[in-house]
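# Fold and geometry: a report
Chain by chain, the residues run as shown.
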Amino acid sequence: MKKIFEPKSIALIGASDELGTVGLGLANNLLSGKDLRKIYFINPKRKEVLGIKCFDTILDIKEKIDLAIIAVPAKIVKSIVLNCCEKKVGAIIIVSSGFKEAGNAKAEEEIKEMVKKYKILLIGPNCLGIINPSLNLNASFAPLTPKKGSIAFLSQSGALLDSVIDRDKLGFSKVVSYGNEADMDLSDFIEYLKTDKETKVIAIYFEGVKDGHKFMRIAKEVSKIKPIVAIKSGRSDKGKAAAGTHTGTLAGDYNVYQTAMKQSGVILVDTLEELFDVSLALSLSPRCENGIGIVTNGGGLGVLTVDYCSEMGIEIPSLSKSTISFLEKNKAMEKVVSKNNPLDVLGDALSDRYTVAIESLLKQDDINGLIVISTPQLMTEHDKNAKIIAELRNKYPLKPIVCCFLGGQSVALAIEYLEKNGIPNYTDTKRAVKSIKGLIKK
Amino acid sequence: MEILSFEETKKILLKYKLPFCRTEIFNSKEKALVFAKQIGFPVVLKIHAQKIFHKSEIGGVKVNIKNEEEFGVAWDEIDKNIRGKNIEGVLVQEMVSGNEIAIGMKRDSQFGPVLMFGLGGIFIEIIKDVAFRIAPIGKEEAIRMIKETKGFEILNGARGKKKIDLINVAEMIVHLSNLSIKEENIQSIDFNPVMVTDKQALITDFRIII
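All residue numbers refer to position in the chain's written sequence, counted from 1. Chain A is the first chain written and ligand 1 is the first ligand written, with later ones labelled in order. Reporting of local features is limited, given that this is a predicted model, to residues whose pLDDT is at least 70; pairs of side-chain atoms are given and counted only at 80 or more, and all residues count toward the totals for whole chains, interfaces and linings.

This part covers the overall build of chain B. Counting its regular elements, chain B contains seven helices and 10 strands. Relative to the globule expectation of 17 Å for 210 residues, the C-alpha radius of gyration of chain B, 17 Å, shows essentially globular dimensions. On the principal axes, the C-alpha backbone points of chain B span a range of 45 × 45 × 30 Å. Three exposure classes are used. Buried residues have 20 or more other C-beta atoms within 10 Å of their own C-beta, exposed residues have 12 or fewer, and partly exposed residues fall in between, all C-beta atoms being placed from the backbone. Counting every position in chain B, which comprises 210 residues, the buried fraction comes to 40%. Relative to all contacts within chain B whose residues are 6 or more apart in sequence, the contacts with residues 24 or more apart total 63%. Note on conventions: DSSP H or I runs of at least 4 residues are helices, E runs of at least 2 residues are strands, and numbering of each starts at the N terminus. Computation of the radius of gyration draws on C-alpha atoms alone. For the globule rule, the value is 2.2 Å times the number of residues to the power 0.38. Contacts are defined on C-beta atoms placed from the backbone: any two residues whose C-beta positions lie within 7 Å are in contact.

Below is the structure:
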């Protein structure tokens, strides 16, 4: 796999300088990392592309090639793959489409047999490619390169991957569009990420798995070490043929997937937003036991948050005697009459009150994580609040804090500070609750 | 797709230690009556056929038959209802009471055998309150599976009812799990209902699809 994610030399077959082509997209992306590795272009119809000399075939290159990327029409892919095999490249990515997904399973099968014979790893066909931001490697035709981070994203869909990179400010450790899985499948990548030092969380978008037993075996093992969060499409029951039993009728495809994911320790989510909300929280925060504290300067939002928690099976422990007496003794809390969880520090709370409230909850044994809500009241000190949250997070590193600074301009700087300090912030309490749920160990 | 014959079903149930209520299959009314008297009234009569999936809809099931006279009437009615249909025979079963639960299996093309547990009867058909697991599973996982359903409270002594014996049910699920892993030609199974009490769990209706 090193040949794929840390190649020292790459050959692009089908490099092009024609606007709007995959060949140009790939060429540009590869050149952005040209100081770190050797890049070769292959295109018998061109002398050069983007100022780089083109070879007629990969066999004309004298040096060793770690990774070959194929972006040529489907009908000539097989002969190009054969060249790559003879060249003994380390791995191949076939970007080209027009295989199994287009009803051309035979050609895909032939290519699969070929790489198997030569013991060469293959990604694709019908994929976008891979990205390793930490090595400035973009071996894909995605229009952008994401920044470095600790979330690995594996996607069966290329287009979806594009939009995620484009939309989110998230950083990624590895990004893989794995396409038709002719050779390397989703499970292989999950297994690789298990020992990848840069990856803390594995996020997956998939439509189905190629080998259910292999997936379960690997996911079970990896999820014990790194959290796996997944979203699956194709959930509506297509009205399958009668099964002859109630069990058969009830065990629809998505039910079976839900069961398999749960048994493998995979966190299955409903929306793309949730996929990255939960992944972000998991990449920044430690996991914890059930039992969450809530601090808010708005009573209504506190109640709303409790509602979501109870819907999702999150426990909200009552404040202990010692927590209450700690609060009672503290001058900053004088005006706060009701000392409950959620702890409503009231609309006129300044940062001193937030400090006492947050710390008192973090001190309580059966409160294992915190949601801190800050709404923009006239006197609210957002920036100071953000600072004390970061300080208290460092003081209580085993208890995750998820923030919900709600508002626009007035909270923007505070949110930026939180993000810089590795504290997740969500612009809706439900998103915050779902994220902390992802942190709770089952 | 067809239903496994009664003789084969019986063999499988015995092999995998899946307890079922006393049941025999007959084509002769006289012999059937002898068996009914032997196990004692009330009894149940139901047809067993490889291709009939809705046996009560066609009038192939009679329950709570209390004596010899009722037995005669029930047998004749079933005989009339199934005229022209190909059946293996009529099952004579003892009547068992208890809480109705349902246990089943479906072989999934991706993940292999998927086990199901739920409350039986109307609960499974209408409320669909069921839990699933991919086989194989052990006893602890089976217990977690049972507790996952909302209906568990009903089985666990809600409103002063007697609690069922959870271990019996969990063991039955584990045995079904073993069966599903080993008997690869079986596509789907329904044990619905299984009658459970504080002492036992007995399968009273079985359907094994091959």
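The next thing to look at is the overall build of chain A. Tallying secondary structure elements over chain A gives 16 helices and 18 strands in all. With the C-alpha coordinates of chain A rotated into their principal frame, the extents come out at 80 × 60 × 30 Å. Scored against the burial criterion, the 442 residues of chain A give a buried share of 49%. In chain A, 71% of the contacts between residues at least 6 apart in sequence involve partners at least 24 apart.

For the rest of this paragraph, the subject is the domain arrangement of chain B. Domain start and stop positions are those given by an automatic or database domain assignment. Domains assigned within chain B are domain 1 (22-94) and domain 2 (99-209). Computed over C-alpha atoms only, the centres of domain 1 of chain B and domain 2 of chain B are separated by 26 Å.

It is worth spelling out the sheet that holds strand 17 (residues 369-374) of chain A at this point. The strands making up a sheet are joined through hydrogen bonds of the backbone, oriented either antiparallel or parallel. All names here are of chain A. With respect to topology, four strands assemble into an open sheet ordered 16-15-17-18, the strand pairing being parallel. The outermost strands of the open sheet, each flanked by one partner alone, are strand 16 (343-344) and strand 18 (401-405). Between any two strands, at least two bridges found by DSSP are needed for them to pair. Judged from the two bridges that link them, strand 15 (residues 292-296) and strand 16 form a sheet pairing that is parallel. Residue threonine 296 lies in a different strand from strand 16, and its bridge partner there is aspartate 344.

This part covers the confidence of the model for chain B. For every residue, the predictor states its confidence as a pLDDT score lying anywhere from 0 to 100. Taken over all residues, the pLDDT of chain B has a mean of 93, while the share at 70 or more is 100%. Taken over the whole predicted complex, pTM reads 0.91, whereas the ipTM for its chain interfaces reads 0.87.

Here the focus is the nonpolar core. Core analysis: the biggest nonpolar cluster contains 190 residues, and A:Leu12, A:Ile69, A:Ile70 and A:Ile92 have the highest contact counts within it. Shared between two domains, this core takes at least three residues from each, and those domains are domain 1 (22-94) and domain 2 (99-209) of chain B. Dropping the residues within four chain positions of it, A:Ile70 is found in contact with A:Ile13, A:Gly14, A:Val77, A:Ile80, A:Val81, A:Ile92, A:Ile93, A:Ile94, A:Val95 and A:Ser96. As used throughout, a nonpolar core is a set of buried Ala, Val, Leu, Ile, Met, Phe, Trp, Tyr and Cys residues joined through C-beta atoms within 7 Å of each other.

Right, let's get into the interface of chain A and chain B. Many descriptions give the size of an interface as the accessible area lost when the pieces come together. Listed per partner, the contact involves 17 residues of chain A and 24 residues of chain B. Within the residue set of the side of chain A that touches chain B, elements represented by two or more residues are helix 7 (212-223), helix 8 (246-250) and helix 9 (253-263) of chain A. For the side of chain A that touches chain B, the element with the highest residue contribution is helix 9 of chain A, accounting for five residues. Amino acids outside the nonpolar list (Ala, Val, Leu, Ile, Met, Phe, Trp, Tyr, Cys, Pro) and the charged list (Asp, Glu, Lys, Arg) are all regarded as polar, and Gly is one of them. Each residue belonging to the side of chain A that touches chain B can be placed in one class, and the counts come to seven nonpolar, 10 polar and no charged.

Attention now moves to helix 4 (residues 105-117) of chain A. All names here are of chain A. Its 13 residues give helix 4 an end-to-end C-alpha distance of 18 Å, which sits within 8% of 18 Å, the value for a rise of 1.5 Å per residue. Residues Glu108, Ile111 and Val115 constitute the buried set of helix 4. Considered in projection along helix 4, the buried side chains sweep an arc of 65° and stay on one side of the axis. Pointing more than 90 degrees away from the buried face of helix 4 are the exposed residues Lys106, Glu113, Lys116 and Lys117. A helix is expected to reach a length of 1.5 Å times the quantity of its residues less one. This arc describes the spread of directions from the helix axis toward the C-beta atoms.

Bringing the environment of A:Ala102 into the picture now. Residues and elements named next belong to chain A. Mapped onto the elements, alanine 102 comes out in the loop between strand 6 (91-94) and helix 4. Accessibility expressed as a C-beta count within 10 Å gives 13 for alanine 102, which makes it partly exposed. Taking C-alpha positions, alanine 102 is 45 Å from valine 402, a pair spaced 300 residues apart along the chain.

Turning our eyes to something else, we now look at helix 15 (residues 409-420) of chain A. Over its 12 residues, helix 15 of chain A extends 17 Å from the first C-alpha to the last, a length consistent with the 16 Å expected when each residue adds 1.5 Å. Of the surrounding elements, those touching the buried residues of helix 15 of chain A are helix 14 (382-395) and strand 18 of chain A.

Residues and elements named next belong to chain B. Read from one edge of the open sheet, four strands run 1-4-2-3, paired in antiparallel fashion. Two strands bound the open sheet, and with one partner strand each, they are strand 1 (23-26) and strand 3 (61-65). Averaged over neighbouring strand pairs, the angle between their axes works out to 20° when direction is ignored. Direction of pairing for strand 1 relative to strand 4 (residues 89-94): antiparallel, over a ladder of four bridges. The residue of strand 4 that forms the bridge with isoleucine 25 is leucine 91. All axes here are fitted lines through C-alpha atoms, helices being fitted over the stretch that makes contact, and every angle between N-to-C directions spans 0 to 180 degrees. The strands that helix 3 (residues 68-81) touches are strand 2 (43-48), strand 3 and strand 4; relative to strand 3, the one it contacts most, it runs at about 175°.

All names here are of chain B. Secondary-structure assignment places glutamate 140 in helix 5 (residues 139-148). The exposure class assigned to glutamate 140 is exposed, which follows from the 10 C-beta atoms found within 10 Å. Note: C-alpha distance between glutamate 140 and alanine 170 (30 residues apart in sequence) is 7.9 Å.

Residues and elements named next belong to chain A. Position of isoleucine 423 among the secondary structure elements: in the loop between helix 15 and helix 16 (429-439). Counting along the chain gives 21 residues from isoleucine 423 to valine 402, while the straight-line C-alpha distance between them is 6.6 Å. Once residues lying within four places of it in the same chain are set aside, the contact partners of isoleucine 423 are Leu284, Ile389, Ala390, Arg393, Ile401, Cys403 and Leu418.

On to the packing of helix 12 (residues 321-329) of chain A against helix 13 (residues 351-363) of chain A, then. Residues and elements named next belong to chain A. Where helix 12 contacts helix 13, the two axes come as close as 9 Å, and the packing angle between them is 160°. Accordingly, the angle class assigned to the pair helix 12 and helix 13 is roughly antiparallel. In this structure, helix 12 meets helix 13 at a crossing whose hand is right-handed. Residues Thr323, Phe326 and Leu327 of helix 12 form the contact with helix 13, whose participating residues are Val356, Ser360 and Lys363. Each angle is binned into one of four classes, with values under 35 degrees roughly parallel, values over 145 roughly antiparallel, values of 65 to 115 roughly perpendicular, and all other values oblique. By convention the crossing between two helices is left-handed if the near helix lies anticlockwise of the far one by an angle smaller than a right angle, and right-handed if it lies clockwise.

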